[in-house]
Amino acid sequence: MSLLSALAKQKIDRELTKYPADQKQSACMSALAIAQDEHGWLSNELMDEVAQYLGMAPVAVYEVATFYNMYNLKPTGKHKVTVCTNLPCALSGGVDAAEYLKHKLGIDFRETTADGQFTLMEGECMGACGDAPVLLVNNKRMCSFMSKEKLDQLVEELKK
Amino acid sequence: MSALNYGPDAVILKGLTGENWRLKDYEQRDGYAALKKILKEGMKPEDVINEVKKSALRGRGGAGFPTGLKWSFMPRSFPGPKYLVCNSDEGEPGTFKDRDIIRYNPHILIEGMIIAGYAMGIGVGYNYIHGEIWADYERFEEALDEARKAGYLGKNILGTDFSFDLFAHHGYGAYICGEETALLESLEGKKGQPRFKPPFPASFGLYGKPTTINNTETFAAVPFIIREGGDAFLAQGKPNNGGTKIFSVSGHVNRPGNYEIKLGTPFAKLLELAGGMRGGKKLKGVIPGGSSMPVLTGEVMMATDMDYDSIAKAGSMLGSGAVIVMDEDTCMVRAAERLAYFYFEESCGQCTPCREGTGWLYRVIHRIEHGQGRPEDLDLLLNLADNIQGRTICALGDAAAMPVRAFVKTFRAEFEYHIEHKRCQVKTGGYSNAAEPLQMAAE
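What counts, and where the lines are drawn
- For every chain, the first residue of the written sequence is number 1, and numbering continues from 1 along that sequence.
- Chain letters and ligand numbers both follow the written order, the letters beginning at A and the numbers at 1.
- Local features in this predicted model are restricted to residues whose pLDDT is 70 or higher, and side-chain atom pairs enter the listing and the counts only when it is 80 or higher, whereas totals over whole chains, interfaces and linings include all residues.
- Neither water nor hydrogens contribute to the side-chain values; these are computed over all heavy atoms in the structure.
- Helix numbering and strand numbering both begin at the N terminus, where a helix is a DSSP run of H or I of at least 4 residues and a strand a DSSP run of E of at least 2.
- Here the term buried applies to any residue with accessible area under 20% of the maximum for its type, exposed to any over 50%, and partly exposed to those in between, with areas from a 1.4 Å probe on protein chains only.
- In what follows, residue pairs with any heavy atoms lying within 4.5 Å of each other are defined as contacts.
- Accessible surface is estimated by sampling points in the Shrake-Rupley manner with a 1.4 Å probe; for residues, cover comes only from the protein chains shown.
- The charge count treats Lys and Arg as positive and Asp and Glu as negative. His and the chain ends do not count.
- By convention, the point assigned to a charge is CZ for Arg, NZ for Lys, CD for Glu and CG for Asp.
- One requirement defines pairing of two strands: DSSP has to find at least two bridges between them.
- Here the quantity called buried area is the total loss of accessible area, with a 1.4 Å probe, experienced by two parts when brought into contact, counted for both.
- Each reported salt bridge corresponds to a side-chain nitrogen of Lys or Arg within 4 Å of a carboxyl oxygen of Asp or Glu.
- Counted as a polar contact is a pair of N or O atoms within 3.5 Å, where, for protein atoms, one must be capable of donating a hydrogen and the other of accepting one, and residues adjacent in sequence contribute only when both atoms are in side chains.
- Three residue categories are used. Nonpolar comprises Ala, Val, Leu, Ile, Met, Phe, Trp, Tyr, Cys and Pro, charged comprises Asp, Glu, Lys and Arg, and polar comprises the others, including Gly.
- We define a nonpolar core as any set of buried Ala, Val, Leu, Ile, Met, Phe, Trp, Tyr and Cys residues linked to one another through side-chain atoms lying within 4.5 Å.
- Per the annotation, domain bounds derive from an automatic or database assignment of domains.
- To pair, rings of Phe, Tyr and Trp, with the six-membered ring standing in for Trp, must have centres within 6.5 Å; the planes then decide the type, stacked if under 30 degrees apart, edge-to-face if over 60, and tilted in the middle.
- Axis definition: a line fitted to C-alpha atoms, over the contacting stretch in the case of helices. Angles run 0 to 180 degrees between N-to-C directions.
- What sets the label is the angle itself: under 35 degrees gives roughly parallel, over 145 gives roughly antiparallel, 65 to 115 gives roughly perpendicular, and the rest give oblique.
- The handedness criterion is simple: a crossing whose near helix is rotated anticlockwise from the far helix by less than a right angle is left-handed, and one whose near helix is rotated clockwise is right-handed.

We now examine the overall build of chain A. Secondary structure assignment for chain A yields 7 helices and 5 strands. In chain A, the succession of helices and strands from N to C terminus is α-α-α-α-β-α-α-β-β-β-β-α. Viewed in the frame of its principal axes, chain A has a C-alpha envelope of about 50 × 35 × 25 Å. Expressed as a percentage of the 160 residues in chain A, the buried residues total 58%. Counted over contacts in chain A with a minimum sequence separation of 6, partners at least 24 positions apart contribute 56%. By element, 52% of the accessible surface of chain A is carried by carbon and sulfur atoms, the whole surface being about 6800 Å². Across chain A, the mean location of the 17 positive side-chain charges is 5 Å away from that of the 21 negative side-chain charges.

If you want it as structure tokens, here you go:
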């Protein structure tokens, strides 16, 4: 029974067209991201399947998954919210936004709410310092200029 | 849509509204005219490189290396594939310029890369895009599709025998991959740990083949240089500092954002473009080139021009062009602590001085910030910085050491106050005036 869906394999195949035929490993990062999108996190079984699909040793795939910050190596809440608190953002309210969310959700960084809805993470520079405070939802949706009102709205929207 | 405000001298970001990023819009802005000129006039590859040399374009990613010279290092007659790589892994704190190029003017980057491919006889390129900007990565993929359909990318471009294809690669959260050889490792599907140099990428790069890597903004400057001439580009800046440069201004200003100005423009003018100091506060310190560069005092910055040579003379580096502005209420110990934490977090762990040293730097500044500093700590920090800098495979070690040394040297009295009084001398004790201070919900 395959953990990767036919659609996921189709997406990985598209990534593979970007690289020379003998360099399938180059698609490892995107394949892991595609697998994570589908399952929420990367279990060993899932990573083994990616390894098999790309003809890589499983350990080479684990190395990639553990090196890059955006892979989830354990289950997260339904919405992983990553707030940038690096200096340029902090100067424009990034830390305040993170503290507000901690208080509102009742959790600290690297924790998940009891209802499994939210996981809060501290992020490093997202390359959007001019839009501070900035946060990412599930690695893909960037939210900018996060005032208290916008944070409230976002949490309400995601709860639904 | 009205034009976005990038300043009156913008070249790369000129006429952008945020909506007019498509191929047809770019063509209306003289887009792909430079590529057509090269192919129709049969301009020789070495003439393209000479034009870039004449422009005095220097790498916009941080190192400021002359682009034309870098291009001339590529072996002309190498049999087999050679690669072109764009470094859009923009993660140097304070830097957010490449993102605006990718999302608002992606075709200028595509055209610049095609021209570079032509000049160096390269058939395949990759654009490595920062992991956190997914929507912009998807837009770039869309722009690539447009260019392919229009015959600007692929086999026999515009009916000539020149072929070049370009692909986007999405990162997944590792600052170190902005280092060019770590980026190559990452493109090969490995963890992004920098390689020993030499051999340099021009002889042993992606998949072991000759490879040239430039920053996004560097490639984006190329169409203008070919269309208007290297001299015209040089005239936008000053000798040895050709052209305009995008500065990302963040921190305590009224209008944080990207501003494209002529190299050599006074810092005071850039600050004015960014709307001046937020709340009319006094300028205390500026990091002029991204978080890895030494911090300078407000007074020094107000007397400095924004170009590679002037900023170097003032004691820092232009770097990536990320200008982090801090007002009088900023605690410099807390600022240094946050940057030290960043390098500790992002060290790839390959070299001992960096892996261990960045942790030491962070922990020592942390204890000073938290009222447990010891009188000998400042010398310890400088000693640690000396034992990291120049002793690692890549520049991340230097990038961690340089800001700490500069913060301690430039604002030593503030560090000493923290150690002696076990508290901050700045009233607000921290990052000061956020645009909209957030009130905690009532208990």
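What follows continues from the structure just given.
This part takes up the sheet that holds strand E3 (residues 118-123) of chain A. Adjacent strands of a sheet pair through backbone hydrogen bonds, lying either parallel or antiparallel. Residues and elements named next belong to chain A. A sheet is described by the order of its strands in space; here 5 strands give the open sequence E2-E3-E1-E4-E5, paired in mixed fashion. The sheet is open, and its two borders are formed by strand E2 (111-112) and strand E5 (141-143), each paired with just one other strand. Here 2 bridges tie E2 to E3, and the two strands are oriented antiparallel to one another. Note that in E3 the partner of Thr 112 across the bridge is Thr 119.

This brings us to the pairing of strand E5 (residues 244-251) of chain B. Within a regular strand, side chains alternate between the sheet's two faces. All names here are of chain B. Among the 8 residues in E5, 8 count as buried, and that is most of the element. The sheet contact formed by E5 and strand E6 (residues 257-262) spans 6 bridges and is antiparallel. If you follow Val 249 over to E6, its bridge partner there is Gly 257. Relative to strand E11 (residues 322-327), E5 runs parallel, the two sharing 4 bridges. When the sheet's bridge partners are listed, Ser 250 is paired in E11 with Ile 324.

Note on interface size: it is often stated as the accessible area lost on association of the parts. Of the residues lining the interface, 66 residues belong to chain B; the matching set on chain A comes to 54 residues. Summed over both sides, the interface between chain B and chain A buries roughly 4700 Å², with carbon and sulfur atoms accounting for 58% of that surface. B:Lys191 is the salt-bridge partner of A:Glu63, the closest N and O atoms lying 4.0 Å from each other. On the surface where chain B and chain A come into contact, there are 22 residue pairs in polar contact (both at pLDDT 80 or more). The element that contributes the greatest number of residues to the side of chain B that touches chain A is helix H14 (residues 332-346) of chain B, accounting for 8 residues. Residues belonging to the side of chain B that touches chain A are distributed by class as follows: 31 nonpolar, 19 polar and 16 charged.

Next up on the list: the pattern of salt bridges. Counting across every chain of the model gives 40 salt bridges over all chains. Note that B:Lys190 is salt-bridged to B:Glu188, the shortest N-O span being 2.8 Å. Given the relative accessible area of 31%, B:Lys190 is considered partly exposed. Among the salt bridges present, the one from B:Arg195 reaches B:Glu188, with a minimum N-O distance of 3.0 Å. Here B:Arg195 and B:Glu188 have matching classes, each one buried. Put simply, A:Arg14, A:Glu15, A:Lys18 and B:Glu141 are held in one network by salt bridges that share partners.

Here we come to the environment of B:Asp145. Residues and elements named next belong to chain B. Mapped onto the fold, Asp 145 is located in helix H7 (residues 134-149). When its relative accessible area of 34% is taken as the criterion, Asp 145 is described as partly exposed. Between the C-alpha atoms of Asp 145 and Tyr 308, which are 163 residues apart in sequence, the distance is 36 Å.

A word on the nonpolar core. It is characteristic of soluble globular proteins that their nonpolar side chains tend to be buried jointly. With 93 residues, the main nonpolar core has A:Leu32, A:Tyr68 and B:Phe407 as its most contacted residues. Split by domain, this core shows at least three residues from each of two domains, domain 1 (6-67) and domain 2 (79-159) of chain A. Non-local contacts of B:Phe407, meaning those with residues more than four positions away in its chain, are made with B:Ile287, B:Val295, B:Met326, B:Met332, B:Ala335, B:Ala336, B:Leu339, B:Arg412 and B:Phe415. With 68 residues, the next largest nonpolar core counts B:Leu35, B:Leu144, B:Ala202 and B:Ile225 among its residues.

What follows concerns the side chain of B:Lys97. All names here are of chain B. Structurally, the position occupied by Lys 97 is in helix H5 (residues 97-104). Lys 97 gets classed as buried once you look at its relative accessible area, which sits at 1%. At 3.0 Å, the side chain of Lys 97 forms a polar contact with the side chain of Asn 215.

The next point concerns the sheet that holds E11(B). All names here are of chain B. If you walk across this open sheet you meet the 5 strands as E6-E5-E11-E8-E9, and the pairing is mixed. Because the sheet does not close on itself, it has two edges, and the strands there are E6 and strand E9 (296-297). Examined bridge by bridge, strand E8 (residues 283-287) and E9 share 2 bridges and lie antiparallel to one another. Its bridge partner being in E9, Gly 285 is matched across the sheet by Thr 297.

Before going further, it helps to spend a moment on the packing of aromatic side chains. For the coordinates displayed, the defined rule picks out 20 aromatic pairs over all chains. Relative to B:Tyr126, the ring of A:Tyr19 has its centre 5.5 Å away and its plane inclined at 15 degrees; by these criteria the two rings are stacked. Of this pair, A:Tyr19 sits in the loop between helix H1 (6-16) and helix H2 (28-39) while B:Tyr126 sits in strand E2 (residues 124-129), which puts the two residues in different chains. Ring centres of B:Tyr175 and B:Phe342 lie 4.7 Å apart, and the angle between their planes is 65 degrees; on these two criteria the pair is classed as edge-to-face.

On to the packing of helix H15 (residues 352-369) of chain B against helix H16 (residues 377-388) of chain B. Residues and elements named next belong to chain B. Relative orientation of the contacting elements H15 and H16 amounts to 160 degrees, with a least axis distance of 10 Å. On the basis of the axis angle, H15 is roughly antiparallel to H16. The crossing of H15 and H16 is left-handed. Across the interface between the two elements, Pro 353, Cys 354, Gly 357, Thr 358, Trp 360, Leu 361, Val 364, Ile 365, Arg 367 and Ile 368 from H15 touch Asp 377, Leu 378, Leu 380, Leu 381, Leu 384, Ala 385, Asn 387 and Ile 388 from H16.

Take the domain arrangement of chain A next. Under the domain assignment, chain A is made up of domain 1 (6-67) and domain 2 (79-159). One C-alpha centre belongs to domain 1 of chain A, the other to domain 2 of chain A; they are set 28 Å apart.

Along the chain, the position of B:Glu92 falls in the loop between strand E1 (83-88) and H5. When the C-alpha positions of B:Glu92 and B:Asn5 are compared, they lie 23 Å apart, and in sequence the two are 87 residues distant. Those residues in contact with B:Glu92 that sit more than four places away from it in its chain are A:Cys125, B:Tyr175, B:Gly289, B:Gly290, B:Ser291, B:Ser292, B:Ser320 and B:Tyr343. Polar contacts involving the side chain of B:Glu92 include one to the side chain of B:Tyr175, which spans 2.5 Å. A distance of 2.8 Å separates polar atoms of two side chains, one belonging to B:Glu92 and the other to B:Ser292.

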